[in-house]
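# Residue-level structural notes
Residue strings, one per chain:
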Amino acid sequence: MDHEKADVLHGSLGLMLLRTLDTLGPQHGWGIARRIEQISGDALALNQGTLYPSLLRLEQMGWVASKWGTSDNNRRAKFYSITRAGKKQLAAEAENWERISDILGRFLKPSRLPKPSKESL
Amino acid sequence: MTAIRVFLRRLGGLFRSERLESDMDAEFEFHLENEVAENLRRGMSPDDALAAARRRFGGVSQMKEAYRDAHSLPFLQVFWQDLRFGSRMLRRNPGSSILAILCLTIGIGATTAVFSWIEGVLLRPFPGVAHQERMMAVAGTFRGVSGAPGDSTDLSWPDFQDFERNCKLFDAFIVDRITGVTLAIGDRADRTRGSVVSANYFDALGVRPILGRGFEPAEDSGRNAHPVVVISYQMWKERFHGDPAIIGRAQMLNGMPHTIIGVAPEGFYGTFVGWAMQFWVPVSMQERFTGGVYQLEDRGAPWIEGFVRLKPGVTPSKPRRRYPRLRASWSTIIRPPTAAGARDCSLCGRLRSTTRAPCSPRCLSRWRWCASCS
């Protein structure tokens, strides 16, 4: 395993999938995988196969719908699309994620931490 | 809501596993083909292109396993597999399997039986009786005689009447004396158990006959003057075939025709712990049902068991201190009905009547062995 690449944080893959589907519209698994790799600039250590159980879970949650259709190269393929509930979930999770990364960012960049004073300790 | 939906979908997934497999294969194959084609475009050799695609995908069979787990309820499938494995193992060793099953059967049966006895004898000794947690048994002892439980005696009828008039701590005071008759209906004759009871019996217990009536106060008095009988639901159903026109019919009991005046509700078996009474006659018929000696006016003839229901808020210890002194030579004991020494045999009767099993100590210890096995 390439140590330079970041492991996908627990729970974040679903968010990536929802976001991708929101941007691309209906898409098959391979297309989604390509898109995620493109955006992350190949910096993610992600087995493409793990998308499928994740997509299935999102579908069970009612955030993603799937339908068999025909691909560009005229093959039978399963297409995934985001549902209305999925869009809502995406908005909520994106906001949550930003808040968390903002908080973490403050911790990890010490220069931005307010200097501890004796009174506050 | 979401959790329920996910659960239902996964549950549905259990029954669509074949479709899942073919869909999953098609989807994964499509993915790999695209990836291979992409790799070929980048100039890889066909072999390298396939290997790279598989590497990228991350182990096709692992991914399939993960997908199957997400599709349905793995624990149910595992449970099913365990069940099948278990039954295979049982079949392989029939001897020890039969032994284990036998132990479990007897053990579970015995444990259940014990708990139903506890329920029946200790917690709800009198099915169908209102407020039975306040029911107590009454007995007399001779003063000055050391108070071993066996020394207590039954009450006499004049005692009962005094008690009922004088004691204000009770809601109800009834008496009950077990008796038996040979009941001949049609060409079938059976020994049948019943009770001689005070006329207030059904009213005081809150038991309403489903047909006809209970006893009236006047039916307490008059020597053999009231040949009337209330029969149990069971007797009505089994011996009279649930005849709706049963009320008013005459039935021979101990050689005297008795008018059937009522049918007790289903599930009421009287107040003798452990026995199911089949009929009730009023106290005035005492002479006919308890050995042919008239005892209703004899204070020295203790022949009935007394029961009281304490008024709400009265504790059992209170009436023990404040019972009315009936006679100079007597004390009166009030105690929980099932704790009475005289009722040990009725407990045994309960064991027999509910399970038809012997209850000798040796048998019980064998049962206990099986119970601890299970």
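Our structure's up above, just so we're on the same page.
Notes on the structure in this doc start here. (Residues numbered from 1 in each chain as written. Chains lettered and ligands numbered in written order. Predicted model: local features only at pLDDT ≥ 70, side-chain atom pairs only at ≥ 80, totals over all residues. Heavy atoms only, no water.)

We now examine the overall build of chain B. Check the secondary structure of chain B and you find 13 helices and 10 strands. The buried share of chain B, reckoned over its 374 residues, is 43%. The contacts of chain B with a sequence gap of at least 6 include a subset with a gap of at least 24, amounting to 72%. Surface summary for chain B: the accessible area is close to 20000 Å², and the carbon and sulfur share equals 57%. (Helix = DSSP H or I, 4+ residues; strand = E, 2+ residues; numbered from the N terminus. Buried < 20%, exposed > 50% of the residue type's maximum accessible area, 1.4 Å probe, protein only. Contact = heavy atoms within 4.5 Å. Areas by Shrake-Rupley, 256 points an atom, 1.4 Å probe, with all protein chains shown as cover.)

Helix and strand counts for chain A come out as 4 helices and 3 strands. Burial analysis of chain A (121 residues in total) assigns 36% to the buried set. For chain A, the accessible surface area stands at approximately 7900 Å², while carbon and sulfur atoms represent 54% of it.

Let us look at the environment of B:H71. Considering the arrangement of structural elements, one finds B:H71 in helix α4 (residues 60–71). On a C-alpha basis, the gap between B:H71 and B:L11 in space is 8.9 Å, while along the polypeptide they are 60 residues apart.

What is expected of a backbone is that most residues other than glycine have negative phi and most peptide bonds are trans. Residue and element names in this part refer to chain B. With a phi close to 55°, H241 is a non-glycine residue in the positive phi region. Among the structural elements, H241 can be located in the loop between α9 (233–239) and β6 (250–253). On the accessibility criterion, H241 (69% relative accessible area) is exposed. We note that N254 has phi near 50°; this positive angle belongs to a residue other than glycine. Note that N254 resides in the loop between β6 and β7 (256–263).

Next up on the list: the packing of aromatic side chains. Going through the model one piece at a time under the given rule, you end up with 14 aromatic pairs over all chains. Seen from their ring centres, B:Y233 and B:W236 are 5.7 Å apart, and the 65° between their planes marks the pair as edge-to-face. Linking B:Y233 with B:W236, this pair stays in helix α9, spanning 3 residues, or about one helical turn. Taken together, the ring pairs in this structure connect B:Y201, B:F202, B:F215, B:F268 and B:W280 into an aromatic cluster. Above the ring of A:W68, the side-chain terminus of A:R76 is found at 4.1 Å from the ring centroid. (Phe/Tyr/Trp six-rings, centres within 6.5 Å; stacked < 30°, edge-to-face > 60°. Lys NZ or Arg CZ within 6 Å of the ring centre and 35° of its normal.)

Residue and element names in this part refer to chain B. Using the criterion set out here, one finds 1 cavity of 30 Å³ or more in the structure. The space that makes up the largest cavity amounts to roughly 30 Å³. What lines the largest cavity is L183, V229, I231, M235, Q251, L253, I260 and F279. Of all elements in the fold, only β5 (228–231) and β6 reach the threshold of two or more residues within the lining of the largest cavity. For the lining of the largest cavity, the residue count by class is 7 nonpolar, 1 polar and no charged. (1 Å grid on protein atoms, 1.4 Å probe; cavity = no way out; pocket = protein on both sides within 12 Å on 5 of 7 lines; lining within 4 Å. Points joined across faces, edges and corners; volume = space filled by probe spheres on them. Nonpolar A, V, L, I, M, F, W, Y, C, P; charged D, E, K, R; others polar.)

Our focus in this paragraph is the nonpolar core. In globular proteins that are soluble, nonpolar side chains generally tend to be buried together. Core analysis: the largest hydrophobic core is formed by 36 residues, its most contacted members being B:W157, B:I231, B:F240, B:L253, B:F279 and B:F289. Among the elements of the structure, β1 (135–142), α7 (157–166), β2 (170–185), β5, α9, β7, β8 (279–282) and β9 (305–310) of chain B are those that each provide at least two residues to this core. When residues in this core are grouped by element, the largest group, 6 residues, is from β2(B). If we skip the residues at most four places from it in the chain, B:W157 touches B:V175, B:S198, B:D220, B:V283, B:L296, B:W303 and B:I304. Within the second largest apolar cluster, 32 residues are counted, among which are A:L15, A:Y52, A:L58 and B:V60. (Core = buried A, V, L, I, M, F, W, Y, C linked by side-chain atoms within 4.5 Å.)

So, about the sheet that holds strand β1 (residues 27–28) of chain A. The strand order β1-β3-β2 (chain A) describes an open sheet built from 3 strands, whose pairing is antiparallel. The open sheet has two edge strands, β1 and β2 (64–70) of chain A, and neither has a second partner. Strand direction decides the pairing type here: β1(A) and strand β3 (residues 76–82) of chain A, joined by 2 bridges, are antiparallel. Across the sheet, A:Q27 pairs through a bridge with A:Y80, a residue of β3(A). Packed on one face of the sheet, helix α2 (residues 17–41) of chain B meets β1, β2 and β3 of chain A and runs near 90° to β3(A). (Pairing = 2+ DSSP bridges. Axes fitted to C-alpha atoms, helices over the stretch in contact; angles between N-to-C directions.)

Where helix α3 (residues 51–61) of chain A contacts α4(B), the axes come no closer than 8 Å and their chain directions differ by 10°. Classified by the angle their axes make, α3(A) and α4(B) are roughly parallel. Residues A:Y52, A:P53, A:L56, A:R57 and A:Q60 of α3(A) lie in contact with α4(B), whose contacting residues are B:M63, B:A66, B:Y67, B:A70 and B:H71. (Parallel < 35°, antiparallel > 145°, perpendicular 65-115°, else oblique.)

Per the counting criterion, the structure on display carries 17 salt bridges over all chains. The residue A:K87 makes a salt bridge to A:D22 at a minimum N-O spacing of 4.0 Å. Here the residue A:K87 occupies a position in helix α4 (residues 84–108), and A:D22 occupies one in helix α1 (residues 12–24), the gap between them amounting to 65 residues. The shortest N-O distance in the salt bridge between A:R75 and B:E33 comes to 2.1 Å. Here the residue A:R75 occupies a position in the loop between β2 and β3, and B:E33 occupies one in helix α2, the pair thus bridging two chains. Judged by relative accessible area, which is 34%, B:E33 ranks as partly exposed. Look at the salt bridges and you will find they share partners, linking A:R19, A:D22 and A:K87 into a network. (Salt bridge = Lys/Arg side-chain N within 4 Å of Asp/Glu carboxyl O.)

Any link to function would need more than the numbers given here.
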